[in-house]
Amino acid sequence: MRYLVACALILSLLLAACVPSSASKLPEPRIVYGLSLMPSGFDPHINASAELGIPLRSVYDTLVYRDPATGDYVPGLATEWQITADGLSYTFTLRRDVKFHDGTQFNADAVGTNIDRIMVPETGSQKARFMLGPLAGYEILDNYTIRLNLSQPYAPLLDSLSQVYLGIASPRALAEYDNATYQFHQVGTGPYKMVEYVPGNRLVLTRNPDYAWGPPFYVMPANPVQTIEFRFLEDPPTRALALESGEVQIVGEILPVDAQLLSGNPGLRLYPVPIPGQPLQFMMNTSRFPTDSDAVRQALLFATNRAAIVDTVFQQFSPVAYGPLSPSTDYYYDQVANSYSYNIEQAQSLLSAAGFTQTNSNGILFAPTGLDIPPTPVGGSVGDLTATPAAAQITGIPLELTMVVPPWGLVPQVAQVIQSQWREIGIDLKIEQVAGLNQLREAAETGRYNLIAMNSPGRDPSLLEQYFVTNAPFNWTGYSDLELDAYLQEGSRQIDSQMRGALYGAAQTRIMERALILPVRDYVNLNGATARLEGVAFDAQGWFPILYNFGLTPEDRN
Amino acid sequence: MRLPPGDVFVFVVSRTDRLKVPLAVLATIILATTLAPVIAPYDPMAITGEPYQPPTREHLFGTDTLGRDVLSRTLFGGQQSLSIVLIGVAIIILPGTVLGMSAGFYGQWTDRLLMASMDILLAFPNLLLALVIITLLGSGGWQIAIAVGIAGLPAYARIARTATATTRNALYIDAARAIGVRSDRLLSHHLLPNVLPLLLSFAAVSLSWTMLNSAALAFLGFGGDPSVPNWGVMLAEARYAFRVAPWMSIPPGLAITATVMAVNRLADASQERFRNRT
């Protein structure tokens, strides 16, 4: 009897597993796309995750697009646009032949509804609102013409409007659902329709057969993929395995060692995609001893063998980074390349110039006291230098640094290689690994670090403003420089691209002259896909695939 | 006597002498760990070779993902791993015994109050509970020890309570009470020795999953400094390299397994001794 019950249980479980998910009723060919994390929310107007754009870039269209090859702006939902000479208003002429997935007609009102949704504080937009910059409002000139007005010039606006976070959603769907539920029922005008989203399990898209208004780089493949199921592969070692076993047909963020193995497999293809924006970098705290000294910060740059880090941790899949922006970013300034090449002698002479002239019994450098360094100010009172000169002279101040790292992106491994490299010339590095982004922010707020890892992706260099302007939210270097502030703030105000180039060039030079960051490697997303998948390409932001171009060659029957 | 399947091997080995083998294993592990600075061939934090090397004469257990010597890291790794486990188990055993035995002995509202609070904690899977605690405490070795200790406490207190409650009404306890032995003495001199074998064997069980939970927390990035060697962290790192260097996981894995098995056997054997004595 007991066995009978057990058998019945097992049988029912098996049957439950066989119940088709809604995805299997959808048209073939069908692929599974592995995402590397499960975003906290999937609403592009609200949430900030880069991962959400991987599926949703193809559910929505944007007013303009950027050609991934040239970076130029090309028509999207807007066929043309005029910018006034003062850079304060943008007039967009919209397409008349576009329908949302729910049949609603696309027009200027729809764009207005979307802007309203992003702008009102109740929406709680984490990124889209910020991307609109100093937007003051809009005017609907006629059914298919809309004008955006700014309170001051904002050069990154077109780049913002080309991104999924400012994708245009169906006003009907927005009215039907609220801010919490819309993410499960998203309706756009894009080449794929959203079928379902089951948090933690899957997100399913199916091709929009009526789509005929794509940008020029959307090319219909021979055997177009009809259905895409996105699954979450949060554990890095499982990604390559899932690809090899055929559980997924494409996946991003494969571990470099696994990518090395995959490159020998004829059935698979590797697509390393450079991600524009900031490289993997450590911001150096200029308001904490000893990184408050320019010489020490410069010495740390010279003391780091970045090529060795890329070799060991990234298996040579990433280029060494030298500045605050990677080369695929707009207005990247190539004069910063090869600055601070690995040079131990230079590092040592800078450190001894900074006062670290002696080595203790553990091989750690220290600065004999008598040097112009205030003792650690505890409780705000200035330390009494005359109190115990004899005792202080014996010990001195050791060259100890604290580095705060997040668990992702192989940053802890990078930190450990740096620790080992610096140890050889007498720098004692303590690594503090925190559990996630919130803990990283908390650690930054305490100010108890010399180096902290943080970076963000983006094609437009205006993102530097968030990191290096005096009162910026991510100014974790604690650095304040009116000229650098001016370069960065003017950089997003100037419309003229030559002007912008000059300003961002000056900003990048200044950041590296003052050694505010320790850049390590340019970000490269290691995507792997089955060789049967054709047309694999990514947009101008690097992260987001152009799913329209995806085709699946039928399986070889031989 | 029923044995968990994993223990069969040790059981066969230890038939000859039930205490000597696990004691020898534990002594070796503790000795190797404490003598690590003397016997380890390399600095455990220094990169001394190419990454992902298989075992060679220079690196007996190979090198890890960054090119550090796995043997040296395993030897040094015991220092943090074992201290975390010892502190964690102390946090389980000391308050757990007091709370559980008081609840079992006094019964009534003491029992209800204490056990209700333990049951609230028991309602969470213990790794989840440890995660919640460490999120509040922040990262680091000490924090891991406290988190796994508190997470392990309720199950242990429950066992201590049940053992005490069933022994409480034994004839010899009644007899002791009848001749006027005070409650605290009754607890410490009459009840404790009789529930001790059970508590010891459950302490060993606690120890094994304290080890596993602390490894899990270290793996999830709560260990503080990732360069400080720790068996749990090493195991997690090895998992990332499993495709290219499967041997990397063996030394820390074996160290954890050997420690846990030896402790389990030791508990069984000592339980046997207690039983034979009475």
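The structure presented is a predicted model; accordingly, all values stated were derived computationally and were not measured.

K.L.:
What exactly am I supposed to notice about the confidence of the model for chain B here?
P.N.:
Reading fine detail from the predicted coordinates is not recommended where pLDDT is low. Confidence in the prediction of chain B, expressed as mean pLDDT, is 85, and 92% of residues score 70 or more. Our summary of model confidence lists the complex with pTM equal to 0.84 and ipTM equal to 0.78.

K.L.:
When you look at the sheet that holds strand S12 (residues 268-274) of chain A in this model, what are you seeing that I'm missing?
P.N.:
Remark on secondary structure: sheet strands pair via backbone hydrogen bonds, oriented parallel or antiparallel. Residues and elements named next belong to chain A. Spatially, seven strands are ordered S8-S9-S10-S1-S11-S21-S12 in an open sheet, and the strand pairing comes out mixed. Each edge of the sheet is formed by a strand with only one pairing partner; in this case those strands are strand S8 (192-198) and S12. Across six bridges, S8 lies against strand S9 (residues 202-207) in antiparallel orientation. The partner of Tyr-192 across the bridge, within S9, is Arg-207.

K.L.:
What is the right way to read the pattern of salt bridges from this model?
P.N.:
If charged atoms from side chains of opposite charge come close, those side chains can pair. Residue and element names in this part refer to chain A. In this structure the tally under the stated criterion is 26 salt bridges over all chains. Between Glu-229 and Arg-30 there is a salt bridge; the shortest N-O distance is 2.5 Å. Taken as a pair, Glu-229 in strand S10 (residues 227-232) and Arg-30 in strand S1 (residues 30-35) lie far apart in primary sequence, 199 residues in all. Residue classification places Arg-30 among the partly exposed residues on the basis of a relative accessible area of 28%. Sharing partners across several salt bridges, the network here consists of Arg-66, Asp-159, Asp-330 and Arg-459.

K.L.:
Looking at this model, I keep getting lost on the sheet that holds strand S15 (residues 365-367) of chain A. Mind explaining?
P.N.:
All names here are of chain A. The strand order across the open sheet formed by three strands is S14-S15-S16, and the pairing between neighbours is antiparallel. Only two strands of the sheet have a single neighbouring strand rather than two, namely strand S14 (358-359) and strand S16 (397-398). Here S15 pairs with S16 via two bridges, running antiparallel. Directly across from Ala-367, in S16, lies its bridge partner Ile-397.

K.L.:
Mind showing me how you'd approach helix H6 (residues 126-137) of chain B here?
P.N.:
Each α-helix winds once per 3.6 residues, and so residues spaced three or four apart point in a common direction. Residues and elements named next belong to chain B. An ideal rise of 1.5 Å per residue puts 16 Å on twelve residues; H6 measures up with 16 Å between its terminal C-alpha atoms. For H6, the full list of buried residues reads Leu-129, Ala-130, Ile-133 and Ile-134. When H6 is viewed along its axis, its buried side chains cluster within an angular range of 130° and face the same direction. Buried residues belonging to H6 abut helix H5 (108-122), helix H7 (141-168) and helix H9 (183-222). Phi for Gly-138, located one or two positions after H6, is positive at around 95°.

K.L.:
How do you make sense of helix H13 (residues 411-424) of chain A when you look at a structure like this?
P.N.:
All names here are of chain A. Between its first and last C-alpha, H13 extends 20 Å over 14 residues, near the 20 Å set by a 1.5 Å rise per residue. Listed in full, the buried residues belonging to H13 are Val-411, Pro-412, Gln-413, Val-414, Ala-415, Gln-416, Val-417, Ile-418, Gln-419, Ser-420, Gln-421 and Trp-422. After H13 finishes, the residue Gly-426 shows a positive phi value of roughly 90°.

K.L.:
Would you take a moment to explain the environment of Asp178(A) for this structure?
P.N.:
All names here are of chain A. Along the chain, Asp-178 turns up in the loop between helix H6 (171-176) and S8. Residue classification places Asp-178 among the partly exposed positions, given a relative accessible area of 45%. For the pair formed by Asp-178 and Arg-297, sequence separation is 119 residues and the distance between their alpha carbons is 50 Å. A distance of 2.8 Å separates the side chain of Asp-178 from the side chain of Thr-181, its partner in a polar contact.

K.L.:
Explain the packing of aromatic side chains to me, please; I cannot follow it from the model alone.
P.N.:
Each aromatic ring pair is characterised by the separation of its centres together with the angle its planes make. Residue and element names in this part refer to chain A. Counted by the stated rule, this structure contains 21 aromatic pairs over all chains. Their ring planes at 40° and their centres at 6.2 Å tell us that Tyr-211 and Tyr-218 sit as a pair that is tilted. Residue Tyr-211 is classed as buried on the basis of its relative accessible area, which comes to 8%. Ring pairs connect the aromatic residues Tyr-65, Tyr-211, Trp-213, Phe-217, Tyr-218 and Tyr-548, which therefore count as one cluster. The residue whose ring lies beneath Arg-521 is Phe-314, and the NZ or CZ to ring-centre distance is 4.0 Å. The ring of Tyr-523 is capped by Arg-521, whose NZ or CZ atom sits 4.5 Å from the centre of that ring.

K.L.:
Could you clarify how one ought to interpret the packing of H5(B) against H7(B) in this entry?
P.N.:
Packed helices, taken two at a time, are described by the angle between their axes plus the distance between the axes. All names here are of chain B. Packing of H5 against H7 leaves a shortest axis separation of 9 Å and a crossing angle of 145°. Crossing of H5 over H7 shows left-handed handedness. Taking contact as the criterion, the partners of Asp-111, Met-115, Met-118, Asp-119, Leu-121 and Leu-122 in H5 are, on H7, Pro-154, Ala-155, Ala-157, Arg-158 and Arg-161. Counted by class, the contact of H5 with H7 contains seven nonpolar, no polar and four charged residues.

K.L.:
Please clarify how the environment of Thr97(B) should be interpreted in this entry.
P.N.:
Residues and elements named next belong to chain B. When you line up the elements, Thr-97 lands in helix H4 (residues 70-106). By relative accessible area, Thr-97 is classed as buried at 14%. Each C-alpha atom of the pair Thr-97 and Tyr-156 lies 7.6 Å from the other, and the pair is 59 residues apart in sequence. Contact partners of Thr-97, with chain neighbours within four places excluded, come to Ile-92, Ser-102, Tyr-156, Ala-160, Leu-192 and Leu-199. Of note is the side chain of Thr-97, whose polar atom sits 2.6 Å from the backbone oxygen of Ile-93.

About the thresholds
- Residues numbered from 1 in each chain as written.
- Chains lettered and ligands numbered in written order.
- Predicted model: local features only at pLDDT ≥ 70, side-chain atom pairs only at ≥ 80, totals over all residues.
- Heavy atoms only, no water.
- pLDDT = per-residue confidence, 0-100.
- Pairing = 2+ DSSP bridges.
- Helix = DSSP H or I, 4+ residues; strand = E, 2+ residues; numbered from the N terminus.
- Salt bridge = Lys/Arg side-chain N within 4 Å of Asp/Glu carboxyl O.
- Buried < 20%, exposed > 50% of the residue type's maximum accessible area, 1.4 Å probe, protein only.
- Expected span 1.5 Å × (residues − 1).
- Arc of directions from axis to C-beta.
- Contact = heavy atoms within 4.5 Å.
- Polar contact = N/O pair within 3.5 Å; in protein donor to acceptor, adjacent residues only side chain to side chain.
- Phe/Tyr/Trp six-rings, centres within 6.5 Å; stacked < 30°, edge-to-face > 60°.
- Lys NZ or Arg CZ within 6 Å of the ring centre and 35° of its normal.
- Axes fitted to C-alpha atoms, helices over the stretch in contact; angles between N-to-C directions.
- Left-handed = near helix turned anticlockwise from the far one by under 90°.
- Nonpolar A, V, L, I, M, F, W, Y, C, P; charged D, E, K, R; others polar.

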